[in-house]
Amino acid sequence: MSQAGIVNVMKETRVFPPPPEFSAKARIKSMEQYREMWQRAKDDPEGFWGEYAKELHWFKPYEKVLEWNEPFATWFKNGQTNVSYNCLDVHLNTWRRNKVAYIWEGEPGDVRVLTYEMLHREVCKFASVLKSLGIQKGDRVSIYMPMVPELPIAMLACARIGAIHSVVFGGFAAEALAERNNDAQAKLLITADGGWRRGKIVPLKENADRAMEKSPTIQKCIVLKRTGQEINMVDGRDLWWHELMKDASANCPAEPMDSEAPLFLLYTSGSTGKPKGVKHTTAGYNLYAKKTMEWVFDIRDEDVYWCTADIGWITGHTYIVYGPLSAGATIVMYEGAPDWPGYDRWWDIIERYKVNILYTAPTAIRTFIKWGDEHVEKHDLSSLRLLGSVGEGINPEAWMWYYEKIGGGRCPIVDTWWQTETGGIMISPLPGCTPLKPGSATFPLPGVVPEVVGEDGKPVPVGVGGWLVITQPWPGMLRGIWGDDERYKRQYWSDVPHKYLAGDNARIDEDGYIWIMGRIDDVLNVSGHRLSTIEVESALVSHPAVAEAAAVGRPHEIKGEAICAFVTLAEGYEPSDALRQELKNHVRQQIGALAVPDDIRFTTALPKTRSGKIMRRLLRDIAAGRETVGDTSTLEDYSVLARLRAGEE
Ligand code: WTA
């Protein structure tokens, strides 16, 4: 947790009211209207969500809006719907049939435009392909693809036939992919030969081949041709996307799915080394994605909306695929890096497509600040009317730059707090009504009832930090961890009884604004990516030179947090720069580039308590170059601390 950020935030007193023209047109126009909705949703969640549920298509009506069997929720009990139907088919009998769904741009500059009609056709065809390969309701399908239209097509095709997708971010290495394939027991893997990133090919199929050697449940692999280099195709196992699609039937009606049928798994990091498969289901998730899209982005039919996340993360699932498609939006999707071929690629995209809404992450904003304003100033960004931020807290300096340089001082910024587990945005300004305070995620959305509590589970006083909990179920909430109900209960529902423990610290100020203050556990947030310290440590320890490893975060100007790993070496190994590099490469191969430590510090011992627990707090201070504050009385060997401080090699 970055203490520095908190100090800044405390001094923040600026308030930015919504522009009156924005409020006039917005769905939620005033704080009174918001408060009334919020209160209604709190007092009568079933009445509130039941009304909105009419916006989905139902094959069979549900019997009850919510059945709460803590901590397991059943939303829209015994109803039947289909997420792919709600994203596509519902638009086909309206004028939106020929509306653009995706404007896609590849990194090399190739462009594809898919209308709702065209997208529907591709999804139906690919769903037919899945069926012809024997994929059935409830089967798990791993998807490991670049940011190309076939990625949402594959997801929607799974949803259409009731298969459960598990998208694995293309930046993950073979080991990480295999681990996810195995945990989900996936039958099928969908990948591509490669994807473009900074002019180079990300060798997805090569990684997939290595992963499949260790993924016994995968029977077939569908390969999209994207980058065109020579790849290895295994006879009988690997099949080309374009060949399968040639004769596939475009007639594939959406399968009626139970409201609570799993829609997807998405693996994320917790406080242990093993990533958990967060499970989201059909009707509640779908409704929550749609409504939060409409409330927070106030999306309208004439908008061009761009979320820069990768679909491999929850932000991409909910706000590139399911939310905006359910809302009938026009979505920009971009394959590659922001600095290719120049530092102005994003601003160029915004100018060319006249993007109205931009949703991105603080780490990107800080990077642009570093690159310099001249790249922004080359472009006309006057089409923008709303900006969004997600993934970590946005420090007020970055907020102001985003507001002034990108938004031209006219666009509200929605700082959206949520998690893989929450399915959709939970705490966020509403752009037509909320007065903004830079650095605060402001207020909970209707249907979200948060509290900040102490370790005794009781609300803390105004202005005091504590654990952020959610006290009532909401439709987009996770329904569990794949194959591990116990872990679900332990992780989220045990430290504070009867409340969902988010894992973040927060405080609420005298005006009721919520300020998120960083994680309470050993989860790192590196460039908005969630990683557990233990995952990084396990990867390091799997190298023969490493005896013991402890990874901690330290504040980093651009990434938010950087990873600092303290390593003790096995007998016969000596510290060296070559070994440092080798260990970094090893982590890259085990998890992926996102987990590579920025610093590797060799040491002869790690600071431990008398019961043998690594004292991470001390390591965090050392990594950040801070004086150690707080209790060191449980430290077993004080000389370790002195040696670490001296920068022992
Ligand atoms: C952090 C991403 C402060 C937080 C959607 C959370 C944030 C974790 C914000 C979830 C924000 C996300 N302000 N912190 N606006 N948004 N976080 O699962 O620590 O990848 O618990 O979901 O990111 O990360 P995840």
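Residues numbered from 1 in each chain as written. Predicted model: local features only at pLDDT ≥ 70, side-chain atom pairs only at ≥ 80, totals over all residues. Heavy atoms only, no water.

Which parts of the structure should I look at to understand the overall build of the chain?
Within the chain, the regular secondary structure consists of 21 helices and 30 strands. Burial statistics for the chain: of 649 residues in total, 62% are counted as buried. Look at the contacts in the chain between residues 6 or more apart in sequence, and 71% of them connect residues 24 or more apart. Positive and negative charge centroids in the chain, built from 75 and 86 side chains respectively, lie 2 Å apart. (Helix = DSSP H or I, 4+ residues; strand = E, 2+ residues; numbered from the N terminus. Buried < 20%, exposed > 50% of the residue type's maximum accessible area, 1.4 Å probe, protein only. Contact = heavy atoms within 4.5 Å. Lys, Arg positive; Asp, Glu negative; His and termini not counted. Charge placed at Lys NZ, Arg CZ, Asp CG, Glu CD.)

Help me understand unusual backbone geometry, please; the structure alone is not making it clear to me.
Across the chain, the bulk of peptide bonds are trans and the bulk of non-glycine residues have phi less than zero. Cis geometry marks the peptide bond from Glu70 to Pro71; its omega dihedral reads 0°. The residue Pro71 is located in the loop between β1 (64-69) and β2 (72-77) in this model. Omega for the bond connecting Trp340 with Pro341 falls within 30 degrees of zero, at -5°, which places this linkage in the cis form. Relative to the helices and strands, Pro341 is located in the loop between β17 (330-334) and α13 (345-353).

Looking at this model, I keep getting lost on the nonpolar core. Mind explaining?
Phe126, Ile190, Phe297 and Tyr322 are the most contacted members of the largest nonpolar core, which totals 163 residues. Top element by residues in this core is helix α7 (residues 150-161). It accounts for nine residues. Those residues in contact with Ile190 that sit more than four places away from it in its chain are Phe126, Leu130, Val141, Ser142, Ile143, Tyr144, Met145, Ala154, Ile222 and Trp241. Phe16, Ile349, Val376 and Leu387 belong to the second-largest nonpolar core, a separate cluster that totals 32 residues. (Core = buried A, V, L, I, M, F, W, Y, C linked by side-chain atoms within 4.5 Å.)

What is the right way to read the UniProt feature "domain: Acetyl-coenzyme A synthetase N-terminal" (unreviewed entry) in the chain from this model?
The sites that UniProt annotates as "domain: Acetyl-coenzyme A synthetase N-terminal" (unreviewed entry) are residues 34-87. The distance separating the terminal C-alpha atoms of residues 34-87 is 27 Å; by composition the span is 43% helix and 26% strand. (UniProt positions renumbered as here; feature names shortened; annotations may be inferred.)

Looking at this model, I keep getting lost on the site of the ligand. Mind explaining?
Around the ligand sit 17 residues, and of these Asp415, Thr416, Thr420, Asp504 and Arg530 come closest. At 3.0 Å, a side-chain N or O of Gln419 approaches an oxygen atom of the ligand. Between an oxygen atom of the ligand and a side-chain N or O atom of Arg530, the distance comes to 2.7 Å. Here the ligand has 530 Å² of accessible area as a free molecule, and 94% of this is covered by the chains. Of all elements in the fold, only α12 (314-326), β20 (413-416) and β25 (514-519) reach the threshold of two or more residues within the shell around the ligand. Here the residues of the shell around the ligand sort into five nonpolar, seven polar and five charged. (Near = heavy atom within 4 Å. Polar contact = N/O pair within 3.5 Å; in protein donor to acceptor, adjacent residues only side chain to side chain. Areas by Shrake-Rupley, 256 points an atom, 1.4 Å probe, with all protein chains shown as cover. Nonpolar A, V, L, I, M, F, W, Y, C, P; charged D, E, K, R; others polar.)

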